[in-house]
Amino acid sequence: MALLPDIHFEISERKVLLRILDLVFVFVCLQLIGNFFDFDYFTISQQNWEWTIVLGGYLTVFGTVFELYNLQQASKFQIVLKNTLLAVSVTTLFFLLTPFYTPVLPENRLQIIYFFLAMTIGILFWRWLYISLISSPRFYKRVLVVGDSFDIKKIINNLEGADPNYKIVGFINTDKTRTIDTQKISDKVIEFPTEALTRTVSQNGISEIVVASDYSDGVSKPLYLQLINLLESGFPIREYMQVYEEITQRIPVQYVDKDFYRYFPFSRSNQNKFYQFFHRLFDILMALLGIGFFIFISPLIFIGNLFANRGPLFYSQSRIGRNGRAFKIIKLRTMIKDAEKDGAVWAQKNDVRITRFGKFLRRSRLDEIPQFFNVLFGEMSVIGPRPERPVFVRGLSEQIPFYETRHVVKPGLTGWAQVMGSYGSSKDDALEKLQYDLYYIKHRNLFMDLSIVLKTISTVIFYRGQ
């Protein structure tokens, strides 16, 4: 009899489900309010189909900006409530301010409140169902790790930390010379015997087996036969590095060693002339807008620098760009003068060298604005890996394999590592950033670039810059 895994939803399925049913519940609530109340501001009809498209577009964009589709946050109703109110408020404002594509403002302003409440109630009701049902343990993907060369605690932290619905039930250690103390890992993670793989899967409701091993000495025949039988029955068996990349959206460069060729070639967009043209066009347009914005706010920045930052407003520094070429980056100064008189050091979180005004510039990302000149000159892109200093690049290249691979594309003002990773102030942080950078280089396309732009807006709005 074939062993079939329990019902669960993949990451992509949950994100699509959130987006689609957000819109469905919103439109249903608007229709219901129109049927039971004196509400005719927004109607769904064949004549007004464009209103539906515009509203759906606004909700999708601002839902992304305010992190309604972040799976870690989508499982916590208090956070969902806050993000929903923000997303619906901005959606309502934009919908009201674009009357050419949307209905004219109603004479009865109470209808605007109905409009706002219908969207809010619709999304919150659906998200309550999502948390109660789909985010419940019933729909978790229950995983068994099998292998002889893994750190089970690190695997749990990496995979469960990235996906709240991904639960590692236990593991089978095929290395008989090595013992693993499960008490130091988790009370809920069990070590199962090698000989009972099929029974373990059946009795524990396992959804997927993840193989974390290079099997340099070969796999035992009994375990091999059990894996083959499960595979032939249609049971999903996947490699850890493949799962790691899919769930964490990072390249596991520290595990692949000499097998990094498996991740080549990188994204076809790197040689796609169509993509490169629009990427550069986007860079120029954003650079012109950024420079214009900087000119507009420069008097305020000058005053803030005069009173709370005392000293030069700008500073430049050598950074490594595409193909390892050095260039001078332009930034607003955020640290005290002579901050590195004793030599180059990593900037730390809550660094004491950062001035009061500098903290504001960093958290709001305003200190990055002068780099739009670097973008306009073609030394940088809006989106790409952050450019590092030559002294750090030399050191990291010696310690982290394939570190210089991130220089195959232009460095960027923002990027996948900046919006997904933590603040980098050590070798471990640099490794995490490299994993994100390589993931971007491998998968980059116009949709991913748009996603990074929206996530960057979220970072600025929620004041998470460093």
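Source: prediction; values computed, not measured.

1. A look at the side chain of Gln73
Moving on, step 1. For Gln73, the location among the structural elements is in helix H3 (residues 71-74).
Moving on, step 2. Contacts of Gln73, omitting those with residues within four sequence positions, involve Glu67, Ile79, Val80 and Asn83.

2. Here's the deal with the layout of surface pockets
Moving on, step 1. Looking at the second largest pocket, its volume works out to about 640 Å³.
Moving on, step 2. Looking at the second largest pocket, it is lined by 19 residues, and the ones nearest its centre are Met286, Phe372, Thr456, Ile457 and Val460.
Moving on, step 3. Elements that contribute at least two residues to the lining of the second largest pocket include exactly helix H11 (273-308), strand E9 (412-414) and helix H17 (446-461).
Moving on, step 4. Taken together, the residues of the lining of the second largest pocket break down into 13 nonpolar, 4 polar and 2 charged.

3. Re the packing of H11 against H17
Moving on, step 1. Taken N-terminus to C-terminus, the directions of H11 and H17 make an angle of 25 degrees; their axes are 11 Å apart at the nearest point. With respect to each other, H11 and H17 are oriented roughly parallel. Where H11 approaches H17, its residues Phe274, Tyr275, His279 and Phe282 are matched on the opposing element by Leu446, Asp449 and Val453.

4. Side note on the environment of Ile291
Moving on, step 1. Checked against the element boundaries, Ile291 lands in helix H11.
Moving on, step 2. The class of Ile291 is buried, set by a relative accessible area of 12%.
Moving on, step 3. In this structure, the C-alpha to C-alpha distance between Ile291 and Ile369, residues 78 residues apart in sequence, is 7.4 Å.
Moving on, step 4. Discounting chain neighbours no more than four positions away, the residues touching Ile291 are Phe372, Phe373 and Leu376.

5. Describing the pairing of strand E7 (residues 326-332)
Moving on, step 1. In this sheet, E7 lies alongside strand E6 (residues 314-320) in antiparallel orientation, the contact comprising 7 bridges. Bridge pairing in E7 links Ser316 to Ile330.
Moving on, step 2. Here E6 folds back onto E7 in antiparallel fashion, the turn holding 5 residues, of which Asn323 has a positive phi close to 60 degrees.

6. Notes on the side chain of Thr248
Moving on, step 1. Here Thr248 shows up in helix H9 (residues 240-248).
Moving on, step 2. A polar contact of 2.5 Å, which involves the side chain of Thr248, links it to the backbone oxygen of Tyr244.
Moving on, step 3. A distance of 3.4 Å separates the side chain of Thr248 from the backbone nitrogen of Arg250, its partner in a polar contact.

7. A short note on the environment of Thr456
Moving on, step 1. Topologically, Thr456 is positioned in helix H17.
Moving on, step 2. Classification of Thr456 as buried rests on a relative accessible area of 15%.
Moving on, step 3. Taking the C-alpha atoms as reference points, Thr456 and Val419, separated by 37 residues in sequence, lie 6.1 Å from one another.

8. Description of the sheet that holds strand E4 (residues 208-211)
Note on sheets: strands pair through backbone hydrogen bonds, and any given pair is parallel or antiparallel.
Moving on, step 1. Pairing is parallel across the open sheet formed by 5 strands, whose spatial order is E3-E2-E1-E4-E5. Taken across any chain shown, the strands that pair with only one partner, and hence form the sheet edges, are strand E3 (190-191) and strand E5 (237-239).
Moving on, step 2. Bridging between strand E1 (residues 141-147) and strand E2 (residues 166-173) involves 7 bridges; their strand directions are parallel. Looking at the pairing, Gly147 lines up with Asn173 of E2.
Moving on, step 3. Of the strands in this sheet, E1 and E2 touch helix H6 (residues 152-162), which is tilted by about 160 degrees from E2.
Moving on, step 4. Relative to E5, helix H8 (residues 221-232) is tilted by about 115 degrees, and along the sheet it contacts E1, E4 and E5.

9. A few points about the packing of H6 against H9
Moving on, step 1. Relative to each other, H6 and H9 sit at 35 degrees, their axes nearing to 9 Å. Crossing of H6 against H9: the hand is left-handed. Packed against H6, whose contacting residues are Ile155, Asn158, Leu159 and Ala162, the element H9 presents Tyr240, Val243, Tyr244, Ile247 and Thr248 at the interface.
Moving on, step 2. Classifying every residue of the contact of H6 with H9 by side-chain character gives 7 nonpolar, 2 polar and no charged.

10. Comments concerning the packing of aromatic side chains
Moving on, step 1. Throughout the structure, instances matching the rule amount to 23 aromatic pairs.
Moving on, step 2. Ring centres of Phe294 and Phe314 lie 5.9 Å apart, and the angle between their planes is 65 degrees; on these two criteria the pair is classed as edge-to-face. Linking Phe294 in helix H11 with Phe314 in strand E6, this pair joins segments that are 20 residues apart in sequence.
Moving on, step 3. Members of the aromatic cluster, connected to one another through ring pairs, are Phe27, Tyr41, Phe42, Trp51, Phe95 and Phe115.

11. Digging into the confidence of the model for the protein chain
Moving on, step 1. Put simply, the protein chain has an average pLDDT of 84, and 86% of its residues get 70 or more.
Moving on, step 2. In this model, residues 1-5 is a region of pLDDT below 50 whose contacts with residues beyond four sequence positions or in other chains number 12 contacts.

12. Here's the deal with the pattern of salt bridges
Moving on, step 1. On inspection of all chains with the given rule, the structure shows 12 salt bridges.
Moving on, step 2. Notably, a salt bridge pairs Arg238 with Glu208, separated by 3.4 Å at the nearest N-O pair. Here the residue Arg238 occupies a position in strand E5, and Glu208 occupies one in strand E4, the gap between them amounting to 30 residues. Like Arg238, the residue Glu208 is buried in the burial classification.

About the thresholds
- Residues numbered from 1 in each chain as written.
- Predicted model: local features only at pLDDT ≥ 70, side-chain atom pairs only at ≥ 80, totals over all residues.
- Heavy atoms only, no water.
- Helix = DSSP H or I, 4+ residues; strand = E, 2+ residues; numbered from the N terminus.
- Contact = heavy atoms within 4.5 Å.
- 1 Å grid on protein atoms, 1.4 Å probe; cavity = no way out; pocket = protein on both sides within 12 Å on 5 of 7 lines; lining within 4 Å.
- Points joined across faces, edges and corners; volume = space filled by probe spheres on them.
- Nonpolar A, V, L, I, M, F, W, Y, C, P; charged D, E, K, R; others polar.
- Axes fitted to C-alpha atoms, helices over the stretch in contact; angles between N-to-C directions.
- Parallel < 35°, antiparallel > 145°, perpendicular 65-115°, else oblique.
- Buried < 20%, exposed > 50% of the residue type's maximum accessible area, 1.4 Å probe, protein only.
- Pairing = 2+ DSSP bridges.
- Polar contact = N/O pair within 3.5 Å; in protein donor to acceptor, adjacent residues only side chain to side chain.
- Left-handed = near helix turned anticlockwise from the far one by under 90°.
- Phe/Tyr/Trp six-rings, centres within 6.5 Å; stacked < 30°, edge-to-face > 60°.
- pLDDT = per-residue confidence, 0-100.
- Salt bridge = Lys/Arg side-chain N within 4 Å of Asp/Glu carboxyl O.

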